[in-house]
Every structure is written in C-alpha cells, then in structure tokens.
Amino acid sequence: MRNFRHIAIIFFLAVGVSATPSYAQTPSDRSPLVADLSEDLIAITTGFTGTEVLLFGATDGAGDVIVVVRAPESQVVVRRKGRVAGVWINADSLTFDMVPGFYHVAASRPLADLLPATVLQDEQIGAVNLSVAPVTSAPQAEVTAFAAALIRNKQRVGLFNPELGEIRFLGDRLFRTQVQFPSSVPTGEYTATIYLVANGAIIDRTDTTLQVRKSGFEANVFEFANQNPSIYGLLAILIALAAGWFAGIVFRNV
Amino acid sequence: MNIYLPIAEMSVDVFLILGLGGAIGFLSGLFGVGGGFLMTPLLIFIGIPPAVAVASEANQIVAASVSGALAHMRRGNVDFKMGLILTVGGFVGSGVGVLIFTLLRQLGQVELLIALSYVVFLGAIGSLMLFESGRTILRRQAGTTTRGKLHQHTWLHGLPFKMRFRRSRLYISALVPIGIGFVVGILAAIMGVGGGFIMVPAMIYLLGMPTAMVVGTSLFQIIFVTANVTFLQATTNQTVDIVLAFLLLASAVIGAQFGTKVGGLLRGEQLRGLLALMVLAVCAKIAYDLVSTPVDLFSISEISGFGG
C-alpha cells in the first residue's frame, strides 16, 4: 500500500516534469516547486527504533533546494555543572523558549552559498539560526555558551542533525532527501518547509506536515499513565503483587 | 530485538533488560537482598532517565518482596506486628521521600541526590559488612568464639509507648520501629530501592530482633513501602514504566531461584563478605562519576518532559 503510493507519486512527478515545456508559457498557473513526504504519519509502536522518511519533489528547473523539518517548540532548561567541594553538580541554568523538539535541515549546497546570513536568520534555517531565546535575561556571552550547549546536546541524541543533510537531484528537476528520526523523537505535528532558492533569494516555498504519534499499546499505556495516574499506579502494584505471588507459588518446591 | 518503553520514551534491547533482571535476580537470591541498589544505577547507566529508573524499580521490588516474604511466611519467620509498625513509619517516610524527589527534580538536582545517597549509604553499609564478615572469618580461623550479651539496654529502651512483640520476644517503644521505618521509607523513595540493606542491620542492631525474623519481616514491610512509592511516583511524576517493570520482574524472579540454590552452598560470612565487596564497588563507581570531569559540562531537559 505504502509502496504503491510512493511509486504513484514518483510517476506523477516524472510525468509532470516531462510535461513542463507545454506549461512553460504560463508560469503563474503552476508552482515552480512541488514536494511531498513518503509518509505523513510516524507511528511509535512497540517495535519502534527510529525511522527514516523520504522527502521528494520537483522544481521547474532553476535553483537549489533547502529542506527544514521541525517539531513543535517547547521550553528547555540548559544546566551547567560546576565543581563544588570536588563534586560536579548542576550549578547554573538557563531556560530557553521556542526550542523545536526536532530540527533537521538539508540543502543541495552549503547554506552560506545559497542565501545571505540575514535571510537564513529570518527564516531560521540552520540550527545556529534558530531564534531560541532565554526566558530570563542573562549576559550575552552566557546566552551564547548555553545556546551552543543546547544545540550540541540535541545533536548528540540525534534530535538536531549535526551536519547539513544532503539533497540529491535526479536530473536537474527531481530531488530527494532522507530525514532520520531517532527512537526518542518527540510526538506532535511536524512541519517540513521546502525552499526553492536561486541567486541568493527565496523564489518559492511549500509546506507539508507530518504527524508523529504513539500508536496502539504504547499510546494506550502513555495516555493511561497521564490521564488516570491513580488507577495506573494501583494497576502497576496489582500486577507486581500478582506476579510475585505467582512466582512464590510456582517456585514453592524448587 | 528492541522494545519501545512508553514512559521512558526510548527504545531498549529486550534481551539487555531481561539479562540485567536475571543477573541482578541471581545476586539478590544469592545474597538475600532486594537488588534495587544494583538495578537502579545500572538502569541509569544504560540510559533510562533516573526518575523513570527509580520509580519503575520500586514497582519491580513489590513483586520481588512478595515472593520473598511468602517463602519466609511459610517458615513462620515474619513478625507481622513489627512489620505493620515499621510500615506505618515507612508510609510517611516514603511520602516525604517522593516529595523531596519531586522538588529536587524541578531544581535539576535529583541525579545528584540519588548519587550522593548511594555513595553515603552503600559506602557506610558496605564497609561495616566487610569489617564484620572479615572479623568473623578471622575468628573462625582462630577457633575462638566470644558470646556477646543477649541484649543491651540503651536510651532507646527508655522511650514511651512501649509495645510487646511476641514473635520477636521484644518489649520496646513503638517509636523506634516507626522511626526506622520512616528513615528507610525516605531512602526507598529517593534511591529506588527496597531498603533491606539498611533495614536489616537496623533491626538487628537497633531493635535487637532475632536474626531469623529479620529478613522475612523486612521483606514484608518492603512490599507496602515500595507499593506506596510506586503509587506516589505514578500520581505525582508519572514516571512508573509498567513495561520496564514487568520485563525486570519476570527475569529477576527466575534469576533469584538460581541464586538461592547457589547461596545455599556458601557460608554466611563468606556471602556477606562478597556482598560487601559488591556494594563497595557500586559505591566507588558512583563516587568516581561524581568527581571525574564530565565530557560535557552542559546538559538539557525538557520543562515538562521525563528528563529527570
């Protein structure tokens, strides 16, 4: 089913691109950029170990492509250890707002070659250009150090991609890129923004969404634990009591 | 084969968890301890968030202590009255422990609290046990035995609210077991342990209970205290991972049966000496991690997530 959809889209794109000349006289009729994801839902099930989603699309021929995939934002506390009486303990902390739970950027060429720094900053393209801001005021040097640590820690667990993802062109119109999601990927509605870039400016952009949800047993347990914590706690105890009692009976004569 | 833990929100190798459960279960059967003091640090070490490790381990210990207590009950080695009095203190203590845990989790100091508790208590108990078992082994080799007083009177015996505990042949103030239960309850909640390794020496040396009654009674009250911790962690922090707890308890129960058999082949003081060395090794590892320079001085946690 999934493969069928996948093939159908590729086929559609290929036909669309080969038919481009006939549409070339009326460029306003059609977008110079189309893109989609191979899946619009990542279901976190019992066997989930992370996944890879294919993002693909076509351009009308001119320019490079940048892809940014991000999860909803939340607040994140960054803590710095300090040595107190020989022991490393969390000493200072700084809370950042507007931190995406997941951030992936890919481009067909290095970002600095594609867009001026101010545009990269306005569009928040590249982890260093994320507009994460501390919720309390702090000296600029501190903010810089903590923000860098925030990005570094997110990269270490695979929630931010440490290096610019690769976008491969097939011919000069079709492009594709792989987006990696680790098993610790946060849930929520993700957005993938695809930019068509030429001569240092954004020519076109398109958005597509991706749902990341716990599914089946995992979702039930998580919801149960958070919505009915008392009953969940009692059930956890009952299971343990029953298991202990059962083991006591089974191994009675061993 | 991997399994996604719904509360820890991460994927783990099922066989790694089952192996850990089985190995710790074996050791707990061998030494007659709950094994929480080994399991919780190991879970944290393999990447389970500390808050989830502590809460889920409490859940697992409920099962381990039920099957242990049943075995002791059959032999009549449980002083129910003493167990219930200890439980009264344990309930209040574990409640206070979960409160402290929640507060320090918000302040970002819960890992430090867990680590320091481990270093202090494992260090103290491990050294005492090593000293005691070493002395016994030496004395056995020397071939002399000295007999201590049957029981000694201290200021603890002057406290009010005296109660009679027939099974343990004691007439002491109820405040002493309530106090012991309270302190051990706090530690159980913070460290993700049953607290047997503190409870047992406290019962022998502070209460003067007969050794035969001590382990069964300790296990009996641990059921209630860890059940209380499980409930409180589930309701205040939502950190009890039922899937993780179930994998651990299933494998630990089987491991414990083998451990018990092997344990029957070794002498008591040899077992205690080995256990002491293991306790000190865990203590040394945690102490080392506290003082060695971390790879990255910075760490992050989500505001409402399970980062711990």
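Residues numbered from 1 in each chain as written. Chains lettered and ligands numbered in written order. Predicted model: local features only at pLDDT ≥ 70, side-chain atom pairs only at ≥ 80, totals over all residues.

## A few points about the overall build of chain A
Put simply, the test is: Starting at the N terminus, helices and strands are each numbered in turn, a helix being any DSSP run of H or I of at least four residues and a strand any DSSP run of E of at least two. To sort residues by burial, count the other C-beta atoms lying within 10 Å of each one's C-beta; a count of 20 or more means buried, 12 or fewer means exposed, and anything in between means partly exposed. C-beta atoms are built from the backbone. Throughout, a pair of residues is in contact if the C-beta atoms placed from their backbones lie within 7 Å.
A tally of regular secondary structure across chain A gives seven helices and 13 strands. Residues classed as buried in chain A amount to 30% of the 254 residues present. Considering only contacts in chain A between residues 6 or more positions apart, those separated by 24 or more positions represent 70%.

## Details of the sheet that holds strand E6 (residues 87-100) of chain A
Note the threshold: Here, any two strands with at least 2 DSSP bridges between them count as paired.
Pairing is antiparallel across the open sheet formed by four strands, whose spatial order is E8(A)-E6(A)-E5(A)-E5(B). A strand with exactly one partner marks an edge of an open sheet, and here the two such strands are strand E8 (133-134) of chain A together with strand E5 (298-302) of chain B. Here E6 of chain A runs beside E8 of chain A; their pairing, made up of two bridges, is antiparallel. Across the sheet, residue phenylalanine 96 of chain A finds its bridge partner in E8 of chain A, namely proline 134 of chain A.

## Thoughts on the packing of helix H7 (residues 229-250) of chain A against helix H9 (residues 242-263) of chain B
Let me state the cut-off plainly: Here, axes are lines fitted to C-alpha atoms. For helices the fit covers the stretch in contact, and angles between N-to-C directions go from 0 to 180 degrees. In these notes the angle categories are as follows: under 35 degrees is roughly parallel, over 145 is roughly antiparallel, 65 to 115 is roughly perpendicular, and the rest is oblique. Residues are grouped as follows: Ala, Val, Leu, Ile, Met, Phe, Trp, Tyr, Cys and Pro are nonpolar; Asp, Glu, Lys and Arg are charged; all remaining types, including Gly, are polar.
Interhelical geometry of H7 of chain A versus H9 of chain B gives an angle of 10 degrees and a closest axis separation of 11 Å. By the angle class used here, H7 of chain A and H9 of chain B are roughly parallel. Contacts between H7 of chain A and H9 of chain B involve Ala236, Ile239, Ala240, Ala243 and Ala247 of chain A from the former and Ile242, Ala245, Phe246, Leu249 and Val253 of chain B from the latter. Of the residues in the contact of H7 of chain A with H9 of chain B, the class split is ten nonpolar, no polar and no charged.

## Let's talk about the sheet that holds strand E13 (residues 201-214) of chain A
In a beta sheet, neighbouring strands are held together by backbone hydrogen bonds and run either parallel or antiparallel to one another. Residue and element names in this part refer to chain A. One open sheet holds the six strands; their spatial order is E2-E13-E12-E4-E7-E9, and the pairing between them is mixed. Of all strands in the sheet, those bounded by a partner on one side alone are strand E2 (41-44) and strand E9 (165-166). Pairing analysis gives two bridges linking strand E7 (residues 103-107) to E9, with the strands arranged parallel. For alanine 106, the partnering residue across the bridge sits in E9 and is glycine 165.

## As for the domain arrangement of chain A
Residue and element names in this part refer to chain A. Stated formally: Domain segmentation is taken from an automatic or database assignment of domains.
Here chain A is partitioned into domain 1 (2-215) and domain 2 (216-254). Contacts between the two partners involve six residues from domain 1, matched on the other side by five residues from domain 2. The class makeup of the residues in the side of domain 1 that touches domain 2 is one nonpolar, three polar and two charged.

## Describing unusual backbone geometry
Residues and elements named next belong to chain A. Phi is positive for methionine 98, which is not a glycine, with a value near 60 degrees. The residue methionine 98 is located in strand E6 in this model. The backbone phi angle of asparagine 199 is positive, close to 50 degrees, even though this residue is not glycine. Looking at where asparagine 199 falls in the secondary structure, it is placed in the loop between strand E12 (188-198) and E13. On the neighbour-count criterion, asparagine 199 (8 C-beta atoms within 10 Å) is exposed.

## Here's the deal with the environment of valine 33 of chain B
All names here are of chain B. Position of valine 33 among the secondary structure elements: in the loop between helix H1 (14-31) and helix H2 (36-45). With 24 C-beta atoms packed within 10 Å, valine 33 lands in the buried category. Each C-alpha atom, one on valine 33 and one on leucine 277, is 14 Å from the other, the two residues being 244 residues apart in sequence. Ignoring any residue separated from it by four or fewer positions in sequence, one finds valine 33 in contact with Ser28, Gly196, Phe197 and Leu275.

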